Amino acid sequence: GEDVEQSLFLSVREGDSSVINCTYTDSSSTYLYWYKQEPGAGLQLLTYIFSNMDMKQDQRLTVLLNKKDKHLSLRIADTQTGDSAIYFCAESGTAGNKLTFGGGTRVLVKP
Amino acid sequence: GAVVSQHPSRVICKSGTSVKIECRSLDFQATTMFWYRQFPKQSLMLMATSNEGSKATYEQGVEKDKFLINHASLTLSTLTVTSAHPEDSSFYICSASLSVLRGTDTQYFGPGTRLTVL
């Protein structure tokens, strides 16, 4: 079955850039997503990328996709304390629009 | 746009009782809604996929008689945890798929419901 993996934890200083990495195994993934979850809350869709794209930028967020290596990354520029949260990558493949989530990366932004 | 609400946000109940959680898409019609369960410091586990007007599709290992799902309209799905036990305590999150209008399979998530069974 599909598998999505992320590193567990990332610590970054306020104002620096954060890079969160994700790898997946399903070569037929159609869409890849990044979600943000703050404590006790649901998931907020940050951005998504189609599998035929290499890069997508949206304000402070840049998504890079290396389809050959099945590697997805999210770069947050000028990281702020409000960016502290858990970030999940997810993919949807051929099984309709079911999402497979990674385990989440906890990002801690230090002042 | 694409707002999904859940009610209640938090519920505490006694063991053996049933609890109903509502999931609503507020500003769009969702033909598909999903129910997830999340344990502390873990990822989301898909429980079932709910399509309006038809029976829900449950993931392997999820008891359909325990977790009853009803998707009565294009904006409302409900999850009923029947005869709840302490091990059912968890964070339950729903999502609604906005696929018709935008041509993608994007899921928008509700804020979650924290269930505690005493």
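You'll find the structure just up there.
Residues numbered from 1 in each chain as written. Chains lettered and ligands numbered in written order. Predicted model: local features only at pLDDT ≥ 70, side-chain atom pairs only at ≥ 80, totals over all residues. Heavy atoms only, no water.

## Notes on the environment of Ile93 of chain B
The topology assignment puts Ile93 of chain B in strand β9 (residues 90-98). For Ile93 of chain B, a relative accessible area of 0% gives the class buried. Distance in space between the C-alpha atoms of Ile93 of chain B and Cys23 of chain B is 8.7 Å, their sequence separation being 70 residues. Among residues more than four places away in sequence, those in contact with Ile93 of chain B are Gln37 and Leu43 of chain A together with Gln6, Phe34, Trp35, Tyr36, Gln38, Leu44, Phe109, Gly110 and Gly112 of chain B. (Helix = DSSP H or I, 4+ residues; strand = E, 2+ residues; numbered from the N terminus. Buried < 20%, exposed > 50% of the residue type's maximum accessible area, 1.4 Å probe, protein only. Contact = heavy atoms within 4.5 Å.)

## A look at the sheet that holds strand β1 (residues 4-6) of chain A
Residues and elements named next belong to chain A. Strand order in the open sheet formed by five strands is β1-β3-β8-β7-β6, and the pairing between neighbours is antiparallel. Because the sheet does not close on itself, it has two edges, and the strands there are β1 and β6 (55-58). Across this sheet, the average inter-strand angle for adjacent strands is 15°, counted without regard to direction. As judged from the six bridges shared by strand β3 (residues 18-24) and strand β8 (residues 71-76), these two strands associate in the antiparallel manner. Residue Ser18 lies in a different strand from β8, and its bridge partner there is Ile76. (Pairing = 2+ DSSP bridges. Axes fitted to C-alpha atoms, helices over the stretch in contact; angles between N-to-C directions.)

## Considerations on the state of the cysteines
Residue and element names in this part refer to chain B. A complete count under the given rule lists two disulfides over all chains for this structure. Left unpaired, Cys13 is separated from the closest cysteine sulfur, that of Cys94, by 18 Å. The class of Cys13 is buried, set by a relative accessible area of 9%. (Disulfide = S-S within 2.5 Å.)

## Thoughts on the side chain of Asp88 of chain B
Residues and elements named next belong to chain B. The residue Asp88 is located in the loop between β8 (76-81) and β9 in this model. At 2.7 Å, the side chain of Asp88 and the side chain of Lys66 are in polar contact. With sequence-adjacent residues up to four places away left out, Asp88 is seen in contact with Arg37, Lys66, Phe67, Val81, Ser83, Leu115 and Val117. (Polar contact = N/O pair within 3.5 Å; in protein donor to acceptor, adjacent residues only side chain to side chain.)

## A closer look at the interface of chain A and chain B
The interface of chain A with chain B comprises 21 residues on the first partner and 23 residues on the second. For the pair chain A and chain B, the summed buried area comes to about 1,600 Å², and 55% of that belongs to carbon and sulfur atoms. When residues of chain A are sorted by the area they lose upon contact with chain B, Leu43, Asn97 and Lys98 of chain A head the list and together hold 31% of the total. Taken together, chain A and chain B are joined by one salt bridge. Between Glu59 of chain B and Lys98 of chain A there is a salt bridge, and its shortest N-O distance comes to 3.0 Å. Applying the counting rule to chain A against chain B returns five residue pairs in polar contact (both at pLDDT 80 or more). When contributions to the side of chain A that touches chain B are tallied by element, the ones reaching two or more residues are β4 (31-37), β5 (43-50), β9 (85-92) and β10 (99-101) of chain A. (Buried area = accessible area lost by both parts, 1.4 Å probe. Salt bridge = Lys/Arg side-chain N within 4 Å of Asp/Glu carboxyl O.)

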